[in-house]
Amino acid sequence: MPCSVVFRSAALLVAALSLIQAVKIEVHGKDNKTCIYAILSVNFTVIYEGNGTMENATFRLPDSLSTNGSTCGGNNSAPLLNMGFGTGHSLSLNFSRTDGKFSGDVLTFTYNTSDAKLFPGAKNQSVKHVAVNSLMESVPLNTIYTCRSVKAIASEPVVMVFWHVGIQAFVENGTISKNESFCKADVSTTVAPITTQTTSTVVPIPTKPSPDLPAVGNYTIKNGSDPCLLANMGLQLNITNTDNQTRVININSNSTASGHCGDKHSVLLLEDTDATIQFHFFVEQAKFFLKEVKVSIRLLVNGSTTTFNCSNGNLKYWQAFVGSSYMCRNEQQLVVTDQLAINTFNVWVQPFEIKNGTFSRAEDCKANDHYIVPIAVGAALGALILIVLVIYIIGRRQNRSHGYEHF
């Protein structure tokens with residue numbers, strides 16, 4: 001599958017967001033003045049049951065949205081931003097305020113699996129809801145909360161990835177504020193988030209030198225209190241972008257891990273400061289394997305900040321029998337597309353049937369190499385026998401020739 005790159009130039013930031021990926025939406029009160037303002041980009045991945053197999057649907061928050069169900073709030077109700085789209089799908093966020101600050105509280109994603117366009121072959125066609133705590137931090141009133149960093153929320157069976165977010169609730173007199181409050185992820189990387197002013201500038205992500213080998217991260221996904229997915233590995237991205245430059249980027253070993261586990265489909269989601277990586281594991285014929293990888297990362301290309309999205313759902317890496325784990329101490333390269341490869345180091349994964357909270361017997365990636373030795377020895381012996389046979393034949397002929405001359 002192809003990769004996509006979304007450019008973010010400084011002077012045309014808002015226009016680029018609106019035209020390419022980001023969605024801008026406003027909620028108006030009875031006086032027709034804006035009371036809630038939002039601009040954001042969202043990718044959804046939903047796991048659903050198909051015809052005998054588990055499938056996943058991936059789609060973006062579209063440009064065409066409805067604000068039906070949204071409210072500015074009042075004495076007895078909280079403000080609510082509701083973004084409806086398609087056939088019964090919506091993303092909503094309710095707000096609260098206290099001590100001169102406002103925040104987003106509960107994020108609710110509603111999706112309808114009877115939508116054959118997004119969920120082809122869905123077995124159980126119904127409307128489903130996923131409610132999670134918002135990642136939005138409290139900010140002062142009359143301020144825009146902005147977060148350009150990639151943020152991911154995983155709640156079985158949904159993964160939502162957010163980036164280039166700008167939100168203001170409780171807008172005063174219908175005027176969007178010029179004040180900004182940056183999310184912690186943006187502040188830690190000294191990146192100036194988006195604003196609503198086209199004259200604003202964006203501090204680009206600094207280009208870093210090629211990193212050393214990545215540290216190994218230890219990741220655990222739990223079902224309740226019991227581990228259901230274990231993964232130890234060091235990860236390094238190799239990206240060839242539109243400027244034909246190769247970037248080597250190490251993934252932080254302390255990346256936040258989330259995801260979910262199923263009988264035949266498990267997901268590991270890693271969230272770094274500027275990147276998210278999704279690993280989708282499937283089961284077929286008593287073996288598990290890595291079938292799908294999705295990567296979203298911010299880059300600096302030709303002086304502009306870009307969002308690089310890449311995925312491939314037709315892979316077959318890291319195979320082992322269910323009930324076992326997969327191990328590879330050697331460096332490997334997982335080719336995702338012609339623009340993205342992932343170097344892996346000291347991999348040890350088990351996405352199914354964890355017992356006693358620890359890895360089961362490991363199937364080593366070098367197991368098949370044991371056959372190389374006898375094959376190589378056999379080939380060498382065969383070649384040696386052939387050489388001896390040729391020398392013997394030549395010697396016999398020479399002896400016969402000398403014998404004829406003697407007579």
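Everything below is about the structure shown above.
Attention in this report is confined to the structure presented alongside it. (Residues numbered from 1 in each chain as written. Predicted model: local features only at pLDDT ≥ 70, side-chain atom pairs only at ≥ 80, totals over all residues. Heavy atoms only, no water.)

1. Describing the state of the cysteines
- Applying the stated criterion across every chain, the model contains four disulfides.
- Linked covalently through their sulfurs, C147 and C183 form a disulfide whose S-S length is 2.1 Å. For the disulfide bridge between C147 and C183, the dihedral angle about the S-S bond is near 70°, and by the sign convention the bridge is right-handed. Placement of C147 in strand β10 (residues 144–147) and of C183 in the loop between β13 (180–182) and α2 (184–188) is noted, with a sequence separation of 36 residues between them. As far as burial versus exposure is concerned, C147 and C183 are alike and both buried.
- C328 shares a disulfide with C365; S-S distance 2.1 Å. One quick way to see it: the torsion about the S-S bond of C328 and C365 is about 70°, and its sign makes the bridge right-handed. With C328 in strand β23 (residues 325–328) and C365 in the loop between β26 (362–364) and α3 (372–406), the pair connects residues that are 37 residues apart, well separated along the chain. (Disulfide = S-S within 2.5 Å. Helix = DSSP H or I, 4+ residues; strand = E, 2+ residues; numbered from the N terminus. Buried < 20%, exposed > 50% of the residue type's maximum accessible area, 1.4 Å probe, protein only.)

2. Some thoughts on the side chain of H280
- Locating H280 in the fold gives a position in strand β19 (residues 275–284).
- In this structure H280 comes out as buried when scored by relative accessible area, which is 0%.
- In terms of polar contacts, H280 uses its side chain to reach the side chain of Q278, at 3.0 Å.
- Not counting the four nearest positions on each side in its chain, H280 is found in contact with T45, I47, H265, S266, V267, F289, L290, K291, E292 and K294. (Polar contact = N/O pair within 3.5 Å; in protein donor to acceptor, adjacent residues only side chain to side chain. Contact = heavy atoms within 4.5 Å.)

3. Here's the deal with the pattern of salt bridges
- Scanning the model with the defined rule gives four salt bridges in all.
- The residue E363 makes a salt bridge to R361 at a minimum N-O spacing of 3.9 Å.
- Judged by relative accessible area, E363 falls into the buried class, the value being 17%. (Salt bridge = Lys/Arg side-chain N within 4 Å of Asp/Glu carboxyl O.)

4. Brief notes about the pairing of strand β17 (residues 256–260)
- By the bridge criterion, five bridges tie β17 to strand β18 (residues 265–271) in an arrangement that is antiparallel. Bridge pairing in β18 links A257 to L270.
- In this structure, the hairpin formed by β17 and β18 is closed by a connection of four residues. (Pairing = 2+ DSSP bridges.)

5. Side note on the side chain of D115
- By the element assignment, D115 lies in the loop between β7 (101–112) and β8 (127–133).
- We note that D115 is buried and unpaired, the nearest opposite charge coming from K117 at a distance of 7.3 Å.
- Side-chain polar atoms of D115 contact the backbone nitrogen of K117, separated by 3.1 Å.
- In contact with D115, other than residues within four places in its own chain, are T87 and H89. (Lys, Arg positive; Asp, Glu negative; His and termini not counted.)

6. Focus: empty space enclosed by the protein
- What the rule picks out here adds up to two cavities of 30 Å³ or more.
- Estimates place the volume of the largest cavity at around 240 Å³.
- What lines the largest cavity is a set of 16 residues, and nearest its centre among them are S134, M136, F162, V165 and I167.
- Among the elements of the structure, β5 (80–85), β6 (89–98), β10, β11 (151–155) and β12 (158–169) are those that each provide at least two residues to the lining of the largest cavity.
- Per element, the largest residue contribution to the lining of the largest cavity is three residues, and it comes from β12. (1 Å grid on protein atoms, 1.4 Å probe; cavity = no way out; pocket = protein on both sides within 12 Å on 5 of 7 lines; lining within 4 Å. Points joined across faces, edges and corners; volume = space filled by probe spheres on them.)

7. Let's talk about the environment of S311
- As for its placement among the helices and strands, S311 is situated in strand β21 (residues 304–312).
- In sequence terms S311 and C3 are 308 residues apart; their C-alpha atoms lie 6.7 Å from each other.

8. Comments concerning the packing of aromatic side chains
- According to the stated counting rule, one finds 15 aromatic pairs in the structure shown.
- The ring of F321 has K287 lying over it, and the distance from NZ or CZ to the ring centre is 4.8 Å.
- Lying across the ring of F282, K291 places its NZ or CZ 4.8 Å from the centre. (Phe/Tyr/Trp six-rings, centres within 6.5 Å; stacked < 30°, edge-to-face > 60°. Lys NZ or Arg CZ within 6 Å of the ring centre and 35° of its normal.)

9. A look at unusual backbone geometry
- Positive phi, close to 65°, is recorded for N32, a residue that is not glycine.
- Note that N32 resides in the loop between β2 (23–28) and β3 (34–49).
- With a phi angle near 55°, D99 is a residue other than glycine that sits in the positive phi range.
- Within the fold, D99 resides in the loop between β6 and β7.

So yeah, pure geometry; function would need other evidence.
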